[in-house]
Amino acid sequence: MPQEKRKKTDADDVEDEEQDKNSEELKLKKDSGGNYWAELSDPKEKRGGKTQKRITVNKFKGNVNIHLREYYEKDGDFLPGKAGIALSKEQWKLAISLAEQVKEAVQALEKE
């Protein structure tokens, strides 16, 4: 079934500006295990504060990996869930090389 198309509104523009501001303030943190991470969750999307979407950079078996993963809360700690993907450094470089094209595609689809 095709998705219903909607026109972009002024509220969408305000939300985009807020997202741009939040992304400028986003900084990686380092945890006690030496992994770097940042929360990507939109506060409006959190389910009772029990899940987070994160980007994590870690080293496993000598290889650096970049994870985009959902974390869940258990006993006050956030643990990695099954939902997510791990990218090698090479895959990450390819993905970010497409960033501008992805941004343009998003904008084109939002105008439809």
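Residues numbered from 1 in each chain as written. Predicted model: local features only at pLDDT ≥ 70, side-chain atom pairs only at ≥ 80, totals over all residues. Heavy atoms only, no water.

A. Broad picture of the overall build of the protein. A count of helical and extended segments in the protein gives three helices and five strands. Starting at the N terminus, the α and β elements of the protein follow one another as α-β-β-β-β-β-α-α. Taking the contacts inside the protein whose residues are at least 6 apart along the sequence as the reference set, 16% of them involve residues at least 24 apart. Just so you have it, the protein exposes about 9400 Å², and 52% of that area is on carbon and sulfur atoms. (Helix = DSSP H or I, 4+ residues; strand = E, 2+ residues; numbered from the N terminus. Contact = heavy atoms within 4.5 Å. Areas by Shrake-Rupley, 256 points an atom, 1.4 Å probe, with all protein chains shown as cover.)

B. View of unusual backbone geometry. The phi torsion at Lys61 lies on the positive side, around 50°, for a residue other than glycine. In this model, Asp75 sits at a positive phi of 55°, which is unusual for a non-glycine residue. Its location among the elements puts Asp75 in the loop between strand S4 (63-74) and strand S5 (77-88).

C. The packing of aromatic side chains, seen in detail. Inspection of the entire model under this criterion finds zero aromatic pairs. Directly above the ring of Trp37 sits Arg54, whose terminal nitrogen or CZ lies 3.8 Å from the centroid. Here Arg54 stacks its cationic end above the ring of Tyr71, 4.6 Å away from the centre of that ring. (Phe/Tyr/Trp six-rings, centres within 6.5 Å; stacked < 30°, edge-to-face > 60°. Lys NZ or Arg CZ within 6 Å of the ring centre and 35° of its normal.)

D. Looking closely at a nonpolar patch on the surface. On the surface, a nonpolar cluster with roughly 310 Å² of combined accessible area is contributed by Leu26, Leu40, Leu68 and Ile85. Its place among the elements puts Leu26 in the loop between helix H1 (10-25) and strand S1 (29-30). Residue classification places Leu26 among the partly exposed residues on the basis of a relative accessible area of 39%. (Patch = residues over 30% accessible without salt bridge, like charges linked within 9 Å, V, L, I, M, F, W, Y side chains within 5 Å. Salt bridge = Lys/Arg side-chain N within 4 Å of Asp/Glu carboxyl O. Buried < 20%, exposed > 50% of the residue type's maximum accessible area, 1.4 Å probe, protein only.)

E. Representation of the sheet that holds strand S2 (residues 36-39). Strand order in this open sheet of five strands is S1-S2-S3-S4-S5, and the pairing throughout is antiparallel. Each of the sheet's edge strands pairs with one partner strand only, and the pair in question is S1 and S5. Pairing analysis gives four bridges linking S2 to strand S3 (residues 51-60), with the strands arranged antiparallel. The partner of Tyr36 across the bridge, within S3, is Val57. The strands touched by helix H2 (residues 89-97) are S3, S4 and S5; relative to S5, the strand with the most contacts, the crossing angle is about 80°. (Pairing = 2+ DSSP bridges. Axes fitted to C-alpha atoms, helices over the stretch in contact; angles between N-to-C directions.)

F. Region of the structure containing the side chain of Arg54. Looking at the secondary structure, you find Arg54 in strand S3. Glu39 is the oppositely charged side chain nearest to the buried, salt-bridge-free Arg54, at an N-O distance of 6.0 Å. In this structure the side chain of Arg54 is engaged in a polar contact, spanning 2.6 Å, whose partner is the side chain of Gln52. Residues in contact with Arg54, not counting those within four places in the same chain, are Trp37, Ala38, Glu39, Leu40, His67, Leu68, Arg69, Tyr71 and Phe78. (Lys, Arg positive; Asp, Glu negative; His and termini not counted. Polar contact = N/O pair within 3.5 Å; in protein donor to acceptor, adjacent residues only side chain to side chain.)

G. The pairing of S4, seen in detail. Where S3 lies against S4, 10 bridges are found, and the strand directions are antiparallel. In the strand pairing of S4, Thr51 is matched with Tyr72. Hairpin remark: S3 followed by S4, antiparallel, with two residues in the connecting loop; positive phi at Lys61, about 50°. Bridge count for S4 against S5 is nine bridges, and the pairing is antiparallel. Bridged to Asn65 within S5 is Ser88. Linking two consecutive strands that pair antiparallel, namely S4 and S5, is a turn of two residues; a positive phi of about 55° is found at Asp75 within it.

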